[in-house]
Amino acid sequence: MLVNNAGFASVASLLEADIRKMQDMIALNVTALTRLTYAAAPAFVKRETGTIINIGSAAGISVEALNGVYGASKAYVLAFSLSLQHELTSKGIRVQAVLPGRTATDGWEVAGLPWQQQPPSIVMPVEDMVDAALVGLDQGELVTIPGLHNGDEWTRFEAMRRGMLPQFGTSVPAPRYRNQARRSA
């Protein structure tokens with residue numbers, strides 16, 4: 001089993017964030033996660049068994065919630081996990097993306113807003129988040145969102161996303177773009 005849990009966040013806006021810290025965030029949240037996955041996946045495939053758990057963030061869906069680089073890095077975790085599921089499930093590998101909301105970790109201090117200074121009603125204890133993630137794994141969830149009380153909402157969201165996929169590969173623009181292009185020509 002590989003659990004990609006390393007990462008850090010920032011609450012600074014794009015214009016206030018130190019670019020070196022943002023590069024470090026990308027290196028940890030994206031590059032390290034990818035490299036660790038590439039290190040473990042071939043061995044899992046060879047054994048035809050293994051589990052990869054990628055800890056992302058609800059900010060990967062709600063990218064406006066925090067710093068844009070953080071949200072984008074966690075969107076990568078989700079997208080990468082979905083791609084891995086598509087590629088590795090048939091080879092006996094389980095891949096789970098976990099998208100917690102605010103969790104009571106020291107990472108918030110690094111981000112610039114210690115969890116102790118946030119409303120307790122929006123900060124999940126670490127133990128509860130981990131337990132929820134493991135229950136989600138046991139239930140076969142591909143994406144586990146510990147704070148999402150109505151899991152059907154994710155199921156509908158994902159079904160809508162997948163339903164659009166066949167429309168992306170067409171040879172002509174959608175009518176709303178063709179009409180606009182004709183008007184401006």
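Residues numbered from 1 in each chain as written. Predicted model: local features only at pLDDT ≥ 70, side-chain atom pairs only at ≥ 80, totals over all residues. Heavy atoms only, no water.

**Student:** Where do I start with the pattern of salt bridges in this structure?
**Tutor:** Pairs may arise between side chains of opposite charge once their charged atoms sit close together. Summed over the entire model, instances satisfying the criterion amount to three salt bridges. In this structure, E158 engages R161 in a salt bridge whose closest nitrogen and oxygen atoms are separated by 2.6 Å. Placement of the pair is E158 and R161 together in helix α5 (residues 151-164), with a separation of three residues, close to one helical turn. Linking E158 and R162 is a salt bridge whose minimum nitrogen-to-oxygen distance equals 2.9 Å. Linking E158 with R162, this pair stays in helix α5, spanning four residues, or about one helical turn. Taken together, the shared-partner salt bridges in this structure form one network comprising E158, R161 and R162. (Salt bridge = Lys/Arg side-chain N within 4 Å of Asp/Glu carboxyl O. Helix = DSSP H or I, 4+ residues; strand = E, 2+ residues; numbered from the N terminus.)

**Student:** Quick question: what am I supposed to make of the pairing of strand β2 (residues 50-55) here?
**Tutor:** Along any regular strand, the residues point their side chains to alternate faces of the sheet. For β2, the buried fraction is high: six of the six residues fall into the buried class. Along β2, one buried face is formed by G50, I52 and N54 and the opposite face, lined by T51, I53 and I55, is buried too. Here three bridges tie strand β1 (residues 2-4) to β2, and the two strands are oriented parallel to one another. Residue N4 lies in a different strand from β2, and its bridge partner there is N54. Between β2 and its parallel partner strand β3 (residues 93-98), the chain crosses via helix α2 (residues 68-88), and the hand of that crossover is right-handed. (Buried < 20%, exposed > 50% of the residue type's maximum accessible area, 1.4 Å probe, protein only. Pairing = 2+ DSSP bridges. Right-handed = clockwise from strand over helix to strand, strands pointing away.)

**Student:** Explanation requested: a nonpolar patch on the surface in the structure shown.
**Tutor:** A cluster of nonpolar side chains, namely V126, V130 and L134, defines an oily patch on the protein surface of about 200 Å² accessible area. Among the structural elements, V126 can be located in helix α4 (residues 126-138). (Patch = residues over 30% accessible without salt bridge, like charges linked within 9 Å, V, L, I, M, F, W, Y side chains within 5 Å. Areas by Shrake-Rupley, 256 points an atom, 1.4 Å probe, with all protein chains shown as cover.)

**Student:** Before we go on, may I ask you to explain α2 in this structure?
**Tutor:** An α-helical turn contains 3.6 residues, so a residue and the one three or four places further along point in the same direction. Given a rise of 1.5 Å per residue, 21 residues ought to cover 30 Å, and the 29 Å separating the end C-alpha atoms of α2 matches this to within 8%. Measuring from the backbone nitrogen of V69 back to the side-chain oxygen at the start of α2 gives 2.8 Å, which picks out N67 as the cap. (Expected span 1.5 Å × (residues − 1). Polar contact = N/O pair within 3.5 Å; in protein donor to acceptor, adjacent residues only side chain to side chain.)

**Student:** I'm lost on the packing of aromatic side chains in this one. Help?
**Tutor:** The relative placement of two aromatic rings is captured by the distance of their centres and the angle of their planes. Under the definition given, this model contains two aromatic pairs. The interplanar angle of 10° and the centroid separation of 5.5 Å between the aromatic rings of Y76 and F80 together place this pair among those described as stacked. In this pair, Y76 and F80 are both assigned in helix α2, four residues apart and thus about one turn of the helix distant. Y76 gets classed as partly exposed once you look at its relative accessible area, which sits at 28%. F80 sits in the buried class, given a relative accessible area of 12%. Arranged with centres 5.1 Å apart and planes meeting at 35°, the rings of W154 and F157 form a pair that is tilted. One end of the pair, W154, and the other, F157, are both in helix α5, three residues apart, so they sit about a helical turn from each other. A relative accessible area of 12% places W154 in the buried class. The class of F157 is partly exposed, set by a relative accessible area of 41%. (Phe/Tyr/Trp six-rings, centres within 6.5 Å; stacked < 30°, edge-to-face > 60°.)

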